[in-house]
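Each chain is listed here by its residues.
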Amino acid sequence: MSVGTYTPKPGAAPLARMIAAQTAFETKMLLRNGEQLLLTVVIPSLLLVLFSTVDILDTGAGEPVDFLAPGVLALAVMSTAFTGQAIATGFERRYGVLKRLGASPIPRWALMTAKTLSVLVTEVLQIVLLTVIAFALGWSPQGDPFSVLLLLVLGTAAFSGLGLLMAGTLKAEATLAAANLVFLLLLVGGGVIVPLDKFPDGVQSLLALLPISALSDGLRDVLQHGAGTPWGDLGILALWAVLGLGAAARLFRWE
């Protein structure tokens with residue numbers, strides 16, 4: 001046996017490997033959480049199937065699924081990037097998990113990057129599942145896939161910033177209540193399943209400025225009507241992303 005065969009070599013793993021390992025861990029924790037699965041998978045799927053097959057809502061001309069599928073995709077992004085991330089991060093902060101991770105070799109920015117990548121992985125799984133269900137219900141999407149991708153990425157950035165801002169400034173219990181309340185309010189008033197034109201004119205103008213409205217309307221314009229790049233909706237999402245991420249970076253408290 002040569003000298004030094006079992007000599008320890010202390011030191012942190014390469015940064016890319018740390019981010020990949022933390023991303024895998026965050027994704028596993030997210031998918032094992034029953035409440036998160038309810039928000040991210042079960043509720044959007046049930047809403048899509050229910051309102052596409054039962055004549056409850058007036059979704060205008062065409063098949064109901066053509067109106068509902070884009071809105072449910074937007075809801076899936078919000079449920080993961082905002083509601084799920086806010087609740088999980090809020091309780092990690094309360095129990096000191098973030099404080100301990102912040103003292104580990106992985107930089108704090110890399111930890112936030114891993115959380116964001118975990119959100120994106122979960123969203124890909126959601127979108128694949130919801131797309132399969134929508135196709136089974138007779139969905140006929142149109143439009144430019146690049147515009148859809150751009151909307152989803154900016155929507156994720158906007159909701160992630162808002163979720164991290166909430167989790168990093170409020171107590172865990174307050175985050176849990178507020179995140180679920182916002183989810184329910186935006187589900188009803190964000191153009192997901194109820195068209196915005198069903199609301200009074202003054203209310204429509206305000207609701208159209210919400211990130212969920214911009215995301216659902218933008219996706220609907222492209223996927224249902226085959227419109228070009230929805231620059232107005234993209235601009236609203238970009239503004240929310242800058243404001244949310246900027247405020248989260250400045251105000252987030254690790255303890």
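Residues numbered from 1 in each chain as written. Predicted model: local features only at pLDDT ≥ 70, side-chain atom pairs only at ≥ 80, totals over all residues. Heavy atoms only, no water.

*Asks:* Quick question: what am I supposed to make of the overall build of the protein here?
*Replies:* Of the regular secondary structure elements, the protein holds 10 helices and zero strands. The linear arrangement of helices and strands in the protein, starting from the amino end, is α-α-α-α-α-α-α-α-α-α. What you see for the protein is a C-alpha radius of gyration of 20 Å, in line with the 18 Å of a compact globule of 255 residues. Going through the 255 residues of the protein one by one, you find that 45% of them count as buried. Across the protein, the fraction of contacts at a sequence separation of at least 24, relative to all contacts at a separation of at least 6, is 82%. With the model as given, the accessible surface of the protein reaches about 12,600 Å², and the carbon-plus-sulfur share is 69%. Measuring between centres, the 15 positive side-chain charges of the protein sit 23 Å from its 16 negative side-chain charges. (Helix = DSSP H or I, 4+ residues; strand = E, 2+ residues; numbered from the N terminus. Rg over C-alpha atoms; globule rule 2.2 N^0.38 Å. Buried < 20%, exposed > 50% of the residue type's maximum accessible area, 1.4 Å probe, protein only. Contact = heavy atoms within 4.5 Å. Areas by Shrake-Rupley, 256 points an atom, 1.4 Å probe, with all protein chains shown as cover. Lys, Arg positive; Asp, Glu negative; His and termini not counted. Charge placed at Lys NZ, Arg CZ, Asp CG, Glu CD.)

*Asks:* Explanation requested: helix 3 (residues 64–94) in the structure shown.
*Replies:* Along an α-helix, residues three or four positions apart point the same way, because every turn accommodates 3.6 residues. Across its 31 residues, helix 3 extends 43 Å between first and last C-alpha, which sits within 8% of the 45 Å expected from 1.5 Å per residue. The largest bend along helix 3 measures about 35° and falls at Ser-79. (Expected span 1.5 Å × (residues − 1). Bend = angle between axes of the 7 residues up to and from the residue.)

*Asks:* Explain the nonpolar core to me, please; I cannot follow it from the model alone.
*Replies:* Among soluble globular proteins, nonpolar side chains are generally buried collectively. Leu-48, Met-78, Phe-159, Leu-215 and Leu-219 are the most contacted members of the largest nonpolar core, which has 45 residues in total. If you list the elements that add at least two residues to this core, you get helix 2 (34–53), helix 3, helix 5 (108–136), helix 6 (145–169), helix 7 (172–189), helix 9 (211–223) and helix 10 (231–251). Considering every element that reaches this core, the biggest residue donor is helix 3, with 15 residues. Discounting residues that sit within four places of it in the chain, Leu-215 has contacts with Ala-74, Val-77, Leu-151, Leu-152, Gly-155, Phe-159 and Leu-237. In this structure, Leu-98, Leu-101, Ala-248 and Phe-252 belong to the second largest nonpolar core, which totals eight residues. (Core = buried A, V, L, I, M, F, W, Y, C linked by side-chain atoms within 4.5 Å.)

*Asks:* Hey, could you run me through the packing of aromatic side chains in this one?
*Replies:* Within a pair of aromatic rings, the relevant descriptors are the distance that separates the centres and the angle that separates the planes. Applying the stated criterion to the full structure yields three aromatic pairs. A ring pair is formed by Phe-91 and Tyr-95, whose centres lie 6.1 Å apart and whose planes are at 35°; its orientation type is tilted. Overall, Tyr-95 belongs to the exposed group, its relative accessible area being 54%. Seen from their ring centres, Phe-252 and Trp-254 are 5.5 Å apart, and the 70° between their planes marks the pair as edge-to-face. Of the two residues, Phe-252 and Trp-254, both sit in the buried class. The aromatic ring of Phe-67 is capped on one face by Arg-220, whose charged end is 3.8 Å from the ring centroid. (Phe/Tyr/Trp six-rings, centres within 6.5 Å; stacked < 30°, edge-to-face > 60°. Lys NZ or Arg CZ within 6 Å of the ring centre and 35° of its normal.)

*Asks:* Sorry, what's going on with the layout of surface pockets here?
*Replies:* Empty space among the atoms can be located by rolling a probe the size of a water molecule over them. In this structure, the largest pocket spans a volume of roughly 420 Å³. Contributing to the lining of the largest pocket are 22 residues, with Glu-26, Met-29, Leu-30, Ala-88 and Glu-92 lying nearest its centre. Elements with a contribution of two residues or more to the lining of the largest pocket: helix 1 (15–32), helix 2, helix 3, helix 4 (97–102) and helix 5. Top contributing element to the lining of the largest pocket by residue count: helix 3, with eight residues. Considering only enclosed or pocket space, the second largest pocket measures out at about 300 Å³ in volume. Elements that contribute at least two residues to the lining of the second largest pocket include exactly helix 5 and helix 6. (1 Å grid on protein atoms, 1.4 Å probe; cavity = no way out; pocket = protein on both sides within 12 Å on 5 of 7 lines; lining within 4 Å. Points joined across faces, edges and corners; volume = space filled by probe spheres on them.)

*Asks:* In this structure, what is going on with the confidence of the model for the protein? I would like to understand it.
*Replies:* When pLDDT is averaged along the protein, the result is 88, and 95% of the positions lie at 70 or above. Per-element confidence in the protein is highest for helix 9, whose mean pLDDT is 95, and lowest for helix 4, whose mean pLDDT is 79. (pLDDT = per-residue confidence, 0-100.)

*Asks:* Would you take a moment to explain a nonpolar patch on the surface for this structure?
*Replies:* On the surface, Leu-31, Val-121 and Leu-125 cluster together into a nonpolar patch covering about 230 Å² of accessible area. Note that Leu-125 resides in helix 5. (Patch = residues over 30% accessible without salt bridge, like charges linked within 9 Å, V, L, I, M, F, W, Y side chains within 5 Å. Salt bridge = Lys/Arg side-chain N within 4 Å of Asp/Glu carboxyl O.)

*Asks:* I'm lost on the packing of helix 1 against helix 5 in this one. Help?
*Replies:* When two helices pack together, their arrangement is captured by the angle between the axes and the distance separating the axes. It is at 8 Å that the axes of helix 1 and helix 5 come closest, and there the two elements cross at 50°. Here helix 5 runs oblique to helix 1, going by the angle between their axes. As for how helix 1 packs across helix 5, the hand of that crossing is right-handed. The residues of helix 5 that touch helix 1, namely those facing Leu-15, Ile-19, Gln-22, Thr-23, Glu-26, Thr-27, Leu-30 and Leu-31, are Trp-109, Ala-110, Leu-111, Thr-113, Ala-114, Lys-115, Leu-117, Ser-118, Val-121, Thr-122 and Leu-125. Here the contact of helix 1 with helix 5 is composed, by residue class, of 11 nonpolar, six polar and two charged. (Axes fitted to C-alpha atoms, helices over the stretch in contact; angles between N-to-C directions. Parallel < 35°, antiparallel > 145°, perpendicular 65-115°, else oblique. Left-handed = near helix turned anticlockwise from the far one by under 90°. Nonpolar A, V, L, I, M, F, W, Y, C, P; charged D, E, K, R; others polar.)

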